[in-house]
Amino acid sequence: MNRTLLIAADSIRALLHKRLLVGLMVASIALTVVVSMMFSTARESMTESFAVQIDDPKSPTAKMTEKEKRQFKESMEEASFGFQMGFYFVASFGGTIVALFIFSTAISSEIRSGTIRVTLAKPVSRTQFLVGKYLGAVAVMAAYTAVASIAMVAFTHTQRIELSPALTYVPWLMFWKHLMLGAVAMLLSLFMHPIVASAITLFTGNGFYSDRNPLYYLLPSYGDFDLYREVFSGTLMDVADVGWLTLYAIDFVVVMLLLALWRLRKKEIV
Amino acid sequence: MAAITTRNLSKTYGGGLRDPGDTVALAGLDLEVHEGEVFGFLGPNGAGKTTTINLLLNFTQPTAGEAFVLDRPVADSQVRSRMGYMPESVNLHDYYRGRKLLEFYAGLAGVAQELRAERIDRLLRLVNLEDAADKRVSKYSKGMAQRMGLAQALLGDPDLLILDEPTASLDPVGRKEFRDILQELKRQGKTVFISSHILSEVESVCDRVAIVQKGVLKRIGTLQELSTGGPTVFRVRTLPAPAIEALATLGAELTIAREGATIRCADEAMAQAVTQLLAQHGGQIVQAESETQSLEQIFLTAIDAKDEARK
């Protein structure tokens, strides 16, 4: 097998042997499921309450005009939609934490433990090493995204919500957002401790800055990849938008990986 | 063809924000290791041994000078398909079981698929880890990890083997087995570059040695070459009184007995001066012999032992 793929396969094995990471992934998915159940229960109780009020002649709702009833129903649906967005936010944030952990430790843990010395003493170039490590982390992230997406679909079904066409792209864009964050975290982890690298990546990538903040113009934005915001604000994406965003993400990842490679080549393995 | 060549190889650390003072780890090392020899690289702690190995494996870049292995620049990653390396602290990918770990390293080393199983079995036998082949590497003792470190270094059937303190965690039986493996590699014509503190071990297996201190090459040569220029002992039958006074002035060590006198000269220059002096005063030399120095004596003479003791 190609050396890059061997390193990628080893990277998957190494990541899956990190108890903290596996715990984090399980906790993140469990949290998603719990939040899903909580939202589901809250939504059902609101729907039931609405139905009871409509049927009860003594209820204030019964005295509403048809227009008021329609407005009330719309506000109920908006609240339900808010729950839905909240669910996607939890799933996405959990994924971000998992991504930061995976990518920031993929290379730095090998350097810190010294295992990189044995690997690089073999006919393995630093480019092969870096690309292999990134691909391994991408594979683990893909598996995580697949499981989280299944949880989302399950949530959508339990909520008996018709899946919005725009929401179809949520897992795909979430996955690419995490690959972008991961590439930044991997690059920064070659300069500093992985925890610091993750914190900085999180700071630059999760809306801690706005267009009123000068950092907004200097740092990359992942806002367009947070589809729940788009859905919430009523801007639905089409396939072309998703395609352009994917291209942007690929460019971004390639640039970050080239910078990481430049750094790794210069890095002294002592 | 030289297995290893370094020209004015230098490495200075520091100079950054965290460590503004420069530390010279290696200062203009000129070294040539011939193909097929077992070469001992000796020096006290901080002498620059591991830095040299790091440079030979392209783990770090030199501040000045250049290094070649098997006639290729060290930056050429493909040359490492003909090299094996065992680090001082053997940190292996410990989430594998022994055999699987060697399979992974064999893939990286470019060992053909059809050769892998046979080679891994042979190496596991060689380093005496057959029984632990299916045990998780994280459960290995330090000695077992060191044996596994040697096995992975030998996987690619390398022409050049670089071993950094290879027996540090081995017990006496393990060290004996290690020496036997080295002898076998020597018979096969492999070049072995060993950095070690254990002088007796180097003495028993190495064809040539180099001694470094504070990044500077102090001595290099075969053990025989290095032991010449050491103390010379003259036995003389008659020793006139003026000669005794002159010998005392030279600083030679004189022992007078009934059957004659023994004059011990610290180095070759003193031995020449004593020979001239005895010729002048009519002293008759019965026997002259050079004392054979052990590697430890050579080592302690080469380095500034007092300076090392102060560290």
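Everything below is about the structure shown above.
A few points on the structure. (Residues numbered from 1 in each chain as written. Chains lettered and ligands numbered in written order. Predicted model: local features only at pLDDT ≥ 70, side-chain atom pairs only at ≥ 80, totals over all residues. Heavy atoms only, no water.)

### Some words on the packing of aromatic side chains
Selection criterion: Stacked, edge-to-face and tilted labels apply to pairs of Phe, Tyr and Trp rings (six-membered ring for Trp) whose centres lie within 6.5 Å, assigned for plane angles under 30 degrees, over 60, and everything in between, in that order. Think of it this way: any DSSP run of H or I at least four residues long counts as a helix, any run of E at least two long counts as a strand, and we number them from the N terminus. Accessibility here uses a 1.4 Å probe with only protein chains present; expressed as a share of the type maximum, an area under 20% marks a residue as buried, one over 50% as exposed, and anything in between as partly exposed. Both a distance and an angle decide whether a charge sits over a ring: NZ of Lys or CZ of Arg must be within 6 Å of the ring centre and within 35 degrees of the ring normal.
Following the criterion strictly, the structure yields eleven aromatic pairs over all chains and no others. Geometrically, the ring pair formed by A:Tyr248 and A:Phe252 is tilted, given 6.2 Å between the ring centres and 40° between the ring planes. You can see A:Tyr248 and its partner A:Phe252 sitting in helix H11 (residues 239-266), four residues apart, about one turn around the helix. You can call A:Tyr248 partly exposed: its relative accessible area is 36%. In textbook terms, an aromatic cluster arises when at least three aromatic residues are bridged by ring pairs, as seen for B:Tyr95, B:Tyr96, B:Phe104 and B:Tyr105. The ring of B:Tyr105 carries the charged tip of A:Lys122 above its face, separated from the ring centre by 5.2 Å. Lying across the ring of A:Phe191, A:Arg263 places its NZ or CZ 4.6 Å from the centre.

### Observations concerning the nonpolar core
Rule in force here: In plain words, nonpolar cores are sets of buried Ala, Val, Leu, Ile, Met, Phe, Trp, Tyr and Cys residues tied together by side-chain atoms within 4.5 Å. Here, residues are in contact when the closest pair of their heavy atoms is within 4.5 Å.
Judged by nonpolar contacts, the single largest core of 138 residues is most densely connected at A:Phe103 and B:Phe193. It is helix H7 (residues 170-189) of chain A that contributes the most residues to this core, twelve residues altogether. Apart from residues no more than four positions distant in its own chain, A:Phe103 is found in contact with A:Tyr134, A:Ala137, A:Val138, A:Met141, A:His178, A:Leu179, A:Gly182, A:Ala185, A:Met186 and A:Ser189. If you look at the next biggest cluster of nonpolar residues, it comprises 14 residues, including B:Phe234, B:Val236, B:Leu247 and B:Cys265.

### With respect to the pattern of salt bridges
Put simply, the rule is: For this document, the term salt bridge refers to a Lys or Arg side-chain nitrogen within 4 Å of an Asp or Glu carboxyl oxygen.
For the structure shown, the criterion picks out 18 salt bridges over all chains. A salt bridge links B:Arg82 to B:Asp159; its shortest N-O distance comes to 2.9 Å. Pair noted here: B:Arg82 is in the loop between strand S5 (72-73) and strand S6 (83-86) and B:Asp159 is in the loop between helix H4 (142-154) and strand S7 (160-164), with a separation of 77 residues, a long-range link. What makes B:Asp159 partly exposed here is its relative accessible area of 29%. The partner of B:Arg187 in a salt bridge is B:Glu184, and the shortest N-O contact between them spans 3.1 Å. In this pair, B:Arg187 and B:Glu184 are both assigned in helix H5 (residues 172-187), three residues apart and thus about one turn of the helix distant. The exposure class of B:Glu184 is partly exposed, given its relative accessible area of 32%. One salt-bridge network, in which partners are shared between bridges, spans A:Asp10, A:Glu110 and A:Lys133.

From the geometry alone we can't say anything about function, so treat these as descriptive.
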